[in-house]
Amino acid sequence: MTAIHLIVFLPLLAAIVAGFGNRMLGNFAAKLITTGALFIGMALSWPIFLAFLAGGQEAYVVPVFDWIRSGDMQVAWSLRVDALTAVMLVVVTTVSAFVHLYSWGYMAEDDSQPRFFAYLSLFTFAMLMLVTADNLVQMFFGWEGVGLASYLLIGFWYHKPSANAAAIKAFVVNRVGDFGFSLGIFGTFLVFGTISIPAILEASPAMAGSSIGFLGMRVDTMTLLCILLFIGAMGKSAQLGLHTWLPDAMEGPTPVSALIHAATMVTAGVFMVCRLSPMFETSEAALVVVAFIGAATALFAATVGTCQNDIKRVIAYSTCSQLGYMFFAAGVGAYGAAMFHLFTHAFFKALLFLGAGSVIHAMHHEQDMRFYGGLRKHIPLTFWAMMAGTLAITGVGLIGVFGFAGFYSKDAIIEAAFASDSPMGGIAFFVAVFAALLTSFYSWRLMFLTFWGSPRWAGSTHIQHAAHSHDHPAEEDAGQDPSMHDAGPKEVAHGTAGYHPHESPLSILVPLVVLAGGAILAGFLFHGAFLEAEEGAHFWAGSIAFDTHLMHAMHEVPLWVKLSATAAMLLGLATAFLAYIRYKDWPARFTQTFRGLYAFLLNKWYFDELFHILFVLPSFAIGRLFWKRGDEGTIDRFGPDGVAAVVASGSTLARRLQSGYLYTYALVMLLGLAAAATWAMAR
Amino acid sequence: MNALGFPILSIMLAVPLLGAMICLFAPGSEKRRAWRSRWVALASTLATFWLGVLLWARYEIGGPQWQFVEREPIFGRFEWAMGIDGIALMLIMLTVFLMPICIAASWKAIKDRVPEYMAAFLFMETLMIGVFTAQDLFLFYIFFEAGLIPMYLIIGIWGGKERIYASYKFFLYTLLGSVLMLIAMLWMAQEAGTTDIPTLMAYDFPPEAQIWLWLAFFASFAVKMPMWPVHTWLPDAHVQAPTAGSVILAGVLLKMGGYGFIRFSLPMFPEASAQLVWIIFGLSMVAVVYTSLVALVQQDMKKLIAYSSVAHMAFVTVGLFAFNRQGIEGAMIVMLSHGLVSGALFLCVGVIYDRLHTRDIDRYGGLSDNMPKYALLFMLFTMASVGLPGTSGFVGEFLALVGAYEANSWVAAVCTTGIILGAVYMLYLYWRIAFGTLDKPDAAGMKDISLREVLTLGPIAAVVMWMGVYPESFIAPIRDDVGVLLARIERANPPGDAALVMGAPPAAAESHAEPAH
């Protein structure tokens, strides 16, 4: 029994106890057990991470027991601990522990708290199995396990049709990714004869340039395998094309959004690409695809984020966009930078979500930012926490002095894109800078709409409810307000409607403060180990394909490149300031002038509508066609029904045949036996 | 004789048969006979299960291929020949495990002609165990064909409104197959001069004859499996059958097709199997996509699960005919897993059918509120059906598809879409049953599952998890037998389409492209 056993299996145990104990156990015990397990996990994870940080710590694998053994397919349950895992361990356990704590306050009024905490712990277990996987199949176990937990938590409020639809959508879209992941595993096993990750990575370079038959084509082996696996990563990390589930996943309770749909699960794809980076390094084509999809997603999601009105959806698109950054960092070979952005992003994005949750809590479940305003004075602690998160995500900092978390990680990605000799590098650089401008714009837009200006609460039905009655709607609305679907901003009533927002309880504020600390300091404290050429090579110690040349080159980019991200950030801030503080009629005038563009962005480039027409409707239509025209209209008509009709024309005879089948059958059997007996006797 | 010193296989056949006789012939008032036959049925199935556990415990992994062999001449060349290998052992375990559960599930649901019903089930158990233990061709034929008669009766007597049509359809499909199979068997006995199955498994039939024999057996097994397009009897049979009938149908009877492929088609006709593999692959690929989409649009719970069975069975056929270890072992695990999971899903349907007497999905909704325990178990089996890692469903599907990929990437790619489609129709079903608001008064009035129902579903849930987390218990007994089968079919193994070609150094490739240099 080592620390890693406890870290991984305590959450499982806690989930089982809390889940099955459920009502017998009571809310308090369930919360205590699950949260306790996670805090123990966190306390055990940081020393592991710090040991790797200090250097000299060897990677190790702790076997648990055999899983699947079939010929060469030897899969064991085992826990791999190396620098990459250590990074993920602290991210997962820390964010999870504080999200558990946060949920004490946030879910206090909910009826099924043990179930909620059991799901959260189950999720954490699956995520830990994913990051400690030593083989592809265990990674897939964790991969699907987090998918299950995500499904259960998105649909946690299962009375709401929208939550159920979002849950199924998340599971199914992820399964589309897993289709690629599965084929990738099958192909990897076929090519390498093993699914052990270290063995595959070792054998990969020798396979570079080989070719393989796939669906009648002859393709480059490593490119095929990497792209198939990357499709899995695209699904889990909500990359362009398979991203549609993430915004809808906001139907889940806000702590879930923070833990699963911002800090941990959605970064699993980035983790996978980094874990398999020596494999991806053998195929330039695959890396170009990774970089391209990443850059496209960063841009796409940022544009959509600028137009959303639901506070959680803005942050969701922001997450999608930041994941795009991580992917193109990986695509240009800067895996260290990708992992560093994953690390810092976990803190500041979880913080932003939890902060948004605190705002929603204060605003009585209203999520539409058009009904916020002027909240700075009413919930000051939440405001300052959100401020730290915003400074971190927009990358505020001074070169060589100090910066918030995102300053180090995002700038590193932008510089790496510029310095890289990847064919995608140049494009990725410009996309990244432009997306940074948009990031700054939508982040500050969120801040200004929520915390500045005068209150616009009176228009909100939630606030009216709260002001006039004590009938608490127990569940979040998640933008189901019909007004959400109006194209174009509407005039909202100003005023407070007599409502007084209240600051959240301590269990909510403590996680905010701790994560704010992470958002402020994570970049400054750890950028050396993750990014600097010598220090980084020492820290990563081969657990990712760390490119020291690229890291050197990154520091030698021209000054204008280094300043471009900051310039973009300032430009975005200025635009947001002008549009939402100084000249408040700008947004309305913009939407009037560019009606088409605005509708396009507000409706998220019409991906959902497109997929609905392309996949959902045809599936049902074809299913019905196969059933009615295929099974009933053809197979049955010319099969059993036809036989009955031919053998016995006339309904009486048919019925008699139908009821006399048993005798016919017995007769045939007897005839057969008679024949067999004849054979047996006549030697 | 064997390690136990008594003919355990024959006793396993005899115990349910004896139980059936007691149910049928013991006198008494109607009420008393019903009460007694329930307990007799439960006792004899539990006794058989216990014998099965003993069998598994004493089965020597790595020992001789055929164990617990019994041979008694009957007359002429006929022999009472019994014996099992690991493959048969696992399927026998599946049978004896599901049987007591079926009896418990029928405890209250069946009210008419209880002694006859229980006798039919017990008689069927004897015949099913017989199928997996028979070592003589004609003995196998008797068990294989006669095993369906109790099933016809169960559907035809205790079934729903359309029971006559359903059992007629079932009969018509199986009839054609069994006639062809019988003719093939007679020819084989004549050609090889023996009806001993182990001997036949090593006999080399001429390749031209193999094709015809293979097709004749295929006609029978494809219907049992069932493969597309001879699957249309299954939805009707399931819909009309009582709950326990569906469990046995999905749990054991469908496995006879797969068992037939492993025992007959592959080892006896390896060349034909390799040559005709395109039929299997083609039909399986169609089945996965076609039946999954059909399952999606069903309004009847049982029909939905029946269609999903056809899709799952397609994983078995592609795995078996992948000609490699992962494929065949995977196919075996899919068979075991599907037997448990679809059996459990039918039981889940039965639980709410017993309360509301409708299979119409739209009549339910929001059951998580008033039936949380039920919702949890139903979720577990839904996830196992979807193939979530950690449940039995994943292990089998994964291995079968790995095997399929080695054989042909098209097959793997098309069949892997099943993991997407499976998630769609199962989660859509679960949503409509268990999630949403509890706004239908009759559904809201239903009580959560009783202790009896927990005792039927709980053991299956435990085995599903066991097989998902530590499948080695179930793979170890079949490993050597799959090895024997692989050695037998190796010579006919068709090459895969991957044909990996190692990369030439770039310089060499360039000079090849421009020979002028």
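Quick caveat, the model's predicted, so the values are computed rather than measured.

All names here are of chain B. Its 18 residues give helix α1 (residues 8-25) an end-to-end C-alpha distance of 25 Å, which sits within 8% of 26 Å, the value for a rise of 1.5 Å per residue. Buried within α1 are the following residues: I8, L9, S10, M12, L13, P16, G19, A20 and C23. Those residues of α1 that are buried lie in contact with α2 (30-58), β1 (67-73), β2 (79-84), α3 (86-105), α4 (114-133) and α5 (137-146).

All names here are of chain A. Put simply, helix α15 (residues 335-362) and helix α20 (residues 506-531) touch, their axes get as near as 9 Å, and they point 165° apart. In terms of orientation, α15 and α20 fall into the roughly antiparallel class. As for how α15 packs across α20, the hand of that crossing is left-handed. Split by residue class, the contact of α15 with α20 holds 19 nonpolar, eight polar and no charged.

Before going further, it helps to spend a moment on the side chain of Q240 of chain B. Residues and elements named next belong to chain B. Position of Q240 among the secondary structure elements: in helix α10 (residues 233-240). Within the local environment of Q240, its side chain forms a polar contact with the backbone nitrogen of E162, the two atoms lying 3.0 Å apart. When residues no more than four places from it in sequence are discounted, the contact partners of Q240 are I155, G159, G160, K161, E162, R163 and A166.

To continue, consider the interface of chain A and chain B. At the interface, 85 residues of chain A touch 96 residues of chain B. Both faces combined, the contact of chain A with chain B buries some 8,000 Å², and carbon together with sulfur accounts for 73% of it. Between chain A and chain B we count one salt bridge in total. For R69 of chain A, the salt bridge identified is with E472 of chain B, shortest N-O distance 3.2 Å.

Another point: the packing of aromatic side chains. Each aromatic ring pair is summarised here by two numbers: the centre-to-centre distance and the angle between the ring planes. This structure, assessed with the given rule, holds 90 aromatic pairs over all chains. Ring geometry for F221 of chain B versus F264 of chain B: centroids 6.1 Å apart, planes at 35°, classification tilted. Of this pair, F221 of chain B sits in helix α9 (residues 207-224) while F264 of chain B sits in helix α12 (residues 255-268), and the two are 43 residues apart along the sequence. Classification of F221 of chain B as buried rests on a relative accessible area of 0%. A relative accessible area of 0% places F264 of chain B in the buried class. Relative to F435 of chain B, the ring of Y430 of chain B has its centre 5.1 Å away and its plane inclined at 85°; by these criteria the two rings are edge-to-face. Residue classification places Y430 of chain B among the buried residues on the basis of a relative accessible area of 2%. The side chain of R582 of chain A reaches across the aromatic face of Y583 of chain A, ending 5.0 Å from its centre. Here the basic side chain of R432 of chain B rests over the ring of Y428 of chain B, its NZ or CZ set 3.9 Å away from the ring centre.

Residue and element names in this part refer to chain B. A cis geometry characterises the amide bond from M225 onward to P226, with omega recorded as -10°. Within the secondary structure, P226 sits in the loop between α9 and α10. The omega torsion of the bond from W228 to P229 falls at 0°, within 30 degrees of zero and hence cis.

Under the counting rule described, the total for this entry stands at 25 salt bridges over all chains. Between E453 of chain B and R355 of chain B there is a salt bridge whose closest N-O contact spans 2.9 Å. Separated by 98 residues along the polypeptide, E453 of chain B in helix α22 (residues 451-469) and R355 of chain B in helix α16 (residues 325-356) bring together distant segments of the chain. The buried category is assigned to E453 of chain B, whose relative accessible area is 6%. Salt bridges sharing common partners tie together D66 and R69 of chain A together with E472 and R479 of chain B.

Once that is clear, we can look at a nonpolar patch on the surface. Together, F590, F594, L597, F600 and Y606 of chain A make up an exposed nonpolar region whose accessible area comes to about 440 Å². Its location among the elements puts L597 of chain A in helix α25 (residues 595-602).

This part covers the confidence of the model for chain B. Residues and elements named next belong to chain B. Scored by pLDDT, chain B comes out at a mean of 88, with 97% of its residues at no less than 70. Mean pLDDT per element in chain B: helix α24 (residues 506-513) is the minimum at 42, and α3 is the maximum at 94. Note that residues 505-517 has pLDDT below 50 and, in this model, zero contacts with residues that lie over four places away or in other chains. Here the predicted complex scores 0.91 on pTM and 0.91 on ipTM.

Residues and elements named next belong to chain B. Topologically, Y425 is positioned in helix α20 (residues 409-434). The class for Y425 is buried, based on a relative accessible area of 3%. Residues Y425 and R33, spaced 392 residues apart in sequence, show a C-alpha to C-alpha distance of 43 Å. Filtering out sequence-adjacent residues up to four positions away, Y425 remains in contact with S292, A295, L296, L304, S308, A311 and H312.

About the cut-offs
- Residues numbered from 1 in each chain as written.
- Chains lettered and ligands numbered in written order.
- Predicted model: local features only at pLDDT ≥ 70, side-chain atom pairs only at ≥ 80, totals over all residues.
- Heavy atoms only, no water.
- Helix = DSSP H or I, 4+ residues; strand = E, 2+ residues; numbered from the N terminus.
- Expected span 1.5 Å × (residues − 1).
- Buried < 20%, exposed > 50% of the residue type's maximum accessible area, 1.4 Å probe, protein only.
- Contact = heavy atoms within 4.5 Å.
- Axes fitted to C-alpha atoms, helices over the stretch in contact; angles between N-to-C directions.
- Parallel < 35°, antiparallel > 145°, perpendicular 65-115°, else oblique.
- Left-handed = near helix turned anticlockwise from the far one by under 90°.
- Nonpolar A, V, L, I, M, F, W, Y, C, P; charged D, E, K, R; others polar.
- Polar contact = N/O pair within 3.5 Å; in protein donor to acceptor, adjacent residues only side chain to side chain.
- Buried area = accessible area lost by both parts, 1.4 Å probe.
- Salt bridge = Lys/Arg side-chain N within 4 Å of Asp/Glu carboxyl O.
- Phe/Tyr/Trp six-rings, centres within 6.5 Å; stacked < 30°, edge-to-face > 60°.
- Lys NZ or Arg CZ within 6 Å of the ring centre and 35° of its normal.
- Patch = residues over 30% accessible without salt bridge, like charges linked within 9 Å, V, L, I, M, F, W, Y side chains within 5 Å.
- Areas by Shrake-Rupley, 256 points an atom, 1.4 Å probe, with all protein chains shown as cover.
- pLDDT = per-residue confidence, 0-100.

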